[in-house]
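These are the residues of each chain, in order.
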Amino acid sequence: MNDLDVRHLAESEYRAAHELFVASLHHTERTPEERWARSVTRYEPGRAFGAFLGGELSGTAMSLSSALEVPGGAVLPAAAVTGVGVRADRTRRGLLRALMDAQLADLRERGEPIAMLHASETTIYPRFGYGLASRTYRLAIASSLARMRPEVPVGGSVRLVDGPAAEELLPELYARIATGRPGLIARNAGWWATRLCDTAGNGGSTRIAVRSDESGADDGFVLFAPSKTDHRFGDGSVTVRITDLVGAGPAASASLWRFVLGLDLMTEVVAIDRPLDEPLHWWLEERRGCRVERLDDDLWVRLVDVPTALAARSWGAAEPVVVEVRDATLPDNAGNYRIGPDGAVRCAERPQLALDAALLGALYLGDVAPSTLAAAGLIEVREPAALDRADRLFAVPRPPWCGTGF
Ligand SMILES: CC(C)(COP(=O)(O)OP(=O)(O)OC[C@H]1O[C@@H](n2cnc3c(N)ncnc32)[C@H](O)[C@@H]1OP(=O)(O)O)[C@@H](O)C(=O)NCCC(=O)NCCS
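Values in this document were obtained by computation on a predicted structure and should not be read as measured data. Here the residue numbering is sequential within each chain, running from 1 through the sequence in written order. Only residues with pLDDT of 70 or above have their local features reported here, since the model is predicted, and side-chain atom pairs are shown and tallied only from 80 upward, although totals for entire chains, interfaces and linings are computed over all residues. The basis for the side-chain values is all heavy atoms of the structure; hydrogens and waters are excluded.

## Structural notes on the site of the ligand
Any residue with at least one heavy atom within 4 Å of a molecule or strand is counted as near it. Around the ligand sit 19 residues in total, of which Val 86, Arg 92, Gly 94, Ser 120 and Glu 121 are the nearest. Distance and chemistry together define a polar contact, namely a pair of N or O atoms within 3.5 Å, with one atom able to donate a hydrogen and the other to accept it when in protein, and with adjacent residues in sequence counting only for side-chain atoms on both sides. Take Arg 92: an N or O atom from its main chain is 2.6 Å from an oxygen atom of the ligand. A distance of 2.9 Å separates an oxygen atom of the ligand from a polar backbone atom of Arg 97. Of all the elements in the fold, those that place two or more residues in the shell around the ligand are strand E4 (75–86) and helix H3 (95–110). Secondary structure counts use DSSP, requiring at least four H or I residues in a row for a helix and at least two E residues in a row for a strand, with both numbered from the N terminus.

## Observations concerning the sheet that holds strand E11 (residues 238–247)
The mixed open sheet is built from seven strands, whose spatial order is E8-E9-E10-E11-E12-E7-E13. Two strands bound the open sheet, and with one partner strand each, they are strand E8 (157–161) and strand E13 (290–297). Neighbour-to-neighbour, the strand axes of this sheet turn through a mean angle of 25 degrees, independent of strand direction. Here four bridges tie E11 to strand E12 (residues 268–274), and the two strands are oriented parallel to one another. If DSSP finds at least two bridges between two strands, the strands pair. Lines fitted to the C-alpha atoms define the axes, with helices restricted to the stretch that makes contact. Angles between their N-to-C directions range from 0 to 180 degrees.

## Thoughts on the pairing of strand E3 (residues 56–69)
Buried, partly exposed and exposed residues are distinguished by accessible area as a fraction of the type maximum, computed with a 1.4 Å probe on protein chains only: under 20%, between the cut-offs, and over 50%, respectively. Of all 14 residues that make up E3, 12 are buried, and the element is covered over most of its length. Across six bridges, strand E2 (residues 48–53) lies against E3 in antiparallel orientation. Within E3, the position partnered with Ala 51 by the bridge is Gly 59. Between the antiparallel neighbours E2 and E3 lie two residues, among them Gly 54 with a positive phi of about 55 degrees.

## With respect to H3
Each helix should span, by expectation, one fewer than its residue count multiplied by 1.5 Å. For H3, with 16 residues, the first-to-last C-alpha span of 22 Å sits near the 22 Å given by 1.5 Å per residue. When checking whether two residues touch, look at their non-hydrogen atoms; a contact exists if any pair is within 4.5 Å. Where H3 is buried, its residues meet strand E1 (4–8), E2, E3, E4, strand E5 (114–117) and strand E14 (300–303). Looking at the residues trailing H3, positive phi occurs at Gly 111, about 80 degrees.

## Some thoughts on the packing of aromatic side chains
Ring geometry is summarised as follows: Phe, Tyr and Trp rings, the Trp one being its six-membered ring, pair when their centres sit within 6.5 Å, and such pairs are stacked at plane angles under 30 degrees, edge-to-face over 60 and tilted between the two. Tallied over the full model, the rule gives nine aromatic pairs. Between Tyr 14 and Tyr 43 the ring centres are 4.6 Å apart and the planes differ by 20 degrees, which places this aromatic pair in the stacked class. Residue Tyr 14 is located in helix H1 (residues 14–24), and its partner Tyr 43 is located in the loop between helix H2 (33–39) and E2; the two are separated by 29 residues in the primary sequence. Pairwise contacts between aromatic rings join Tyr 174, Trp 191, Trp 192 and Phe 221 into one cluster. When the ring centre of Tyr 174 is taken as reference, the NZ or CZ atom of Arg 187 above it lies at 3.9 Å. The side chain of Arg 313 reaches across the aromatic face of Trp 315, ending 4.1 Å from its centre. Consider the ring centre and the ring normal. A charge sits over the ring if Lys NZ or Arg CZ is within 6 Å of that centre and within 35 degrees of that normal.

## Re the nonpolar core
Among the buried residues, those of types Ala, Val, Leu, Ile, Met, Phe, Trp, Tyr and Cys that are joined through side-chain atoms within 4.5 Å form a nonpolar core. Of all hydrophobic cores here, the largest spans 70 residues; its most connected members are Leu 68, Ile 114, Leu 170, Leu 310 and Tyr 364. Listed in part, the 24 residues of the second largest apolar core include Leu 4, Leu 104, Leu 107 and Trp 300.

## Considerations on the pattern of salt bridges
Note that side chains of opposite charge can pair when their charged atoms are close. Just to be clear on terms, a salt bridge is a Lys or Arg side-chain nitrogen sitting within 4 Å of an Asp or Glu carboxyl oxygen. Under the counting rule described, the total for this entry stands at 32 salt bridges. Note that Asp 388 is salt-bridged to Arg 392, the shortest N-O span being 2.9 Å. Remark: Arg 392 and Asp 388 occur in helix H11 (residues 385–394); sequence separation between them is four residues, near one turn of the helix. Take Asp 388: its relative accessible area is 44%, and that puts it in the partly exposed class. Within the structure, one salt-bridge network assembled from shared partners comprises Glu 324, Arg 326, Asp 356, Glu 380 and Arg 382.

## Comments concerning the pairing of E12
When you tally the buried positions in E12, you get five out of seven residues, the bulk of the element. As paired strands, strand E7 (residues 135–142) and E12 are joined by five bridges and run antiparallel to one another. From the neighbouring strand, Ala 142 faces E12, where its bridge partner is Glu 268. Note on handedness: a crossover is taken as right-handed if, strands pointing away from the viewer, the path from the first strand over the helix to the second is clockwise. As for the winding sense of the linkage, the β-α-β connection from E11 through helix H6 (residues 250–261) to E12 is right-handed.

## Notes on helix H4 (residues 163–177)
Between its terminal C-alpha atoms H4 stretches 20 Å, which fits the 21 Å expected from 15 residues at 1.5 Å a residue. By definition, a residue's bend is the angle between the axes fitted to the seven residues ending there and the seven starting there. Leu 169 marks where H4 bends most, by close to 40 degrees; the proline Pro 171 follows one to four residues later. Taken together, the buried positions of H4 are Gly 163, Ala 166, Leu 170, Leu 173, Tyr 174 and Ile 177. Elements that come into contact with the buried residues of H4 comprise E8, helix H5 (189–195), strand E9 (207–212), strand E10 (218–228) and E11.

Interpretation in functional terms is not warranted from these geometric data alone.
Quick look at the structure:
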């Protein structure tokens, strides 16, 4: 399109881009000043793009600087792509494509091997090389069935903290304990400033509890928000929504769950974005007290630099396979890769499997097996014996989990 121009946004344009983005998500009110003062800290120089039609800002996309833990424990620089929106009267004219092209080219130049996002719709991003790489549960637990088994670890202590105290505590605590699982990402200062905006003490309703172990060291936290259907307790209900719960290990997580499930005057706890292997069903005396309400998309991953990303993760034990990767958006990635327990390198051998970059993104953290994608007709299998080997190479001991909205 001739009059379409995509460029980095200047600082003076961040507010307009933000309002354009939130309007594209059907938020009808302008962001209050106090909230904007926090949201603006998510904008980092050179990471926000605008698409201009006829000189007018009509679409935007940005990214937060972050990092992603990959199978084997390596942590790679990664761009957390967010703030993607196009004005409702300018959609389907190629603005998103132009923004995505510019952003991916920029990330390659920056040397960030991975881009990641949460998608509003599943159909948008595969064409740009993103694949769904992890999933989460939304859980609901009725208070009447929330009793934990006696075997569940007890100990330590849980205390409420307010928003300002959490701003001091949580960034360091999260960085220290959120490790040991593929899919975990770094949360930068702008992310925290925005996330803790609506907490108690900062003028909001989200509550925060921090857990300490027996030695007094903090080892977990939970963010939760109660909502009441009636001002009286007689006939109304109170739902407590957990939006973030991270523990250094099972004892910390169990303590935090026990604390929330034990709140007085509460009817139900709903928890979003929970890892698939959280043992809550096994912690409860009545396992049916915990309902899986939904299986949600978690992180979408795009390998911006395929050789670097493949070399960084560990691989399972199996004879190597040769995989052909196709990548229309970033053609430098295209080619054949030999993947084996000792690593992954480019090669000139004949490929046994072939797939698009988006499928490689879906496989990367180990959430889905190559044989599942092959059964769905998404991977081309040229040598059937290679599929079983690929399953073992891509497999991970724990399901990936991000759990960080951005
Ligand atoms: C999603 C959105 C950014 C797309 O912007 P756009 O400028 O209309 O997209 P483009 O015209 O560049 O389309 C690029 C391609 O994506 C496709 N596409 C765009 N939006 C799509 C959607 N919502 N669902 C499925 N396909 C979509 C187009 O058909 C086009 O396909 P092609 O490659 O086969 O030609 C825009 O519709 C929007 O702002 N939606 C509301 C906010 C939102 O969901 N933001 C994303 C947050 S993660």
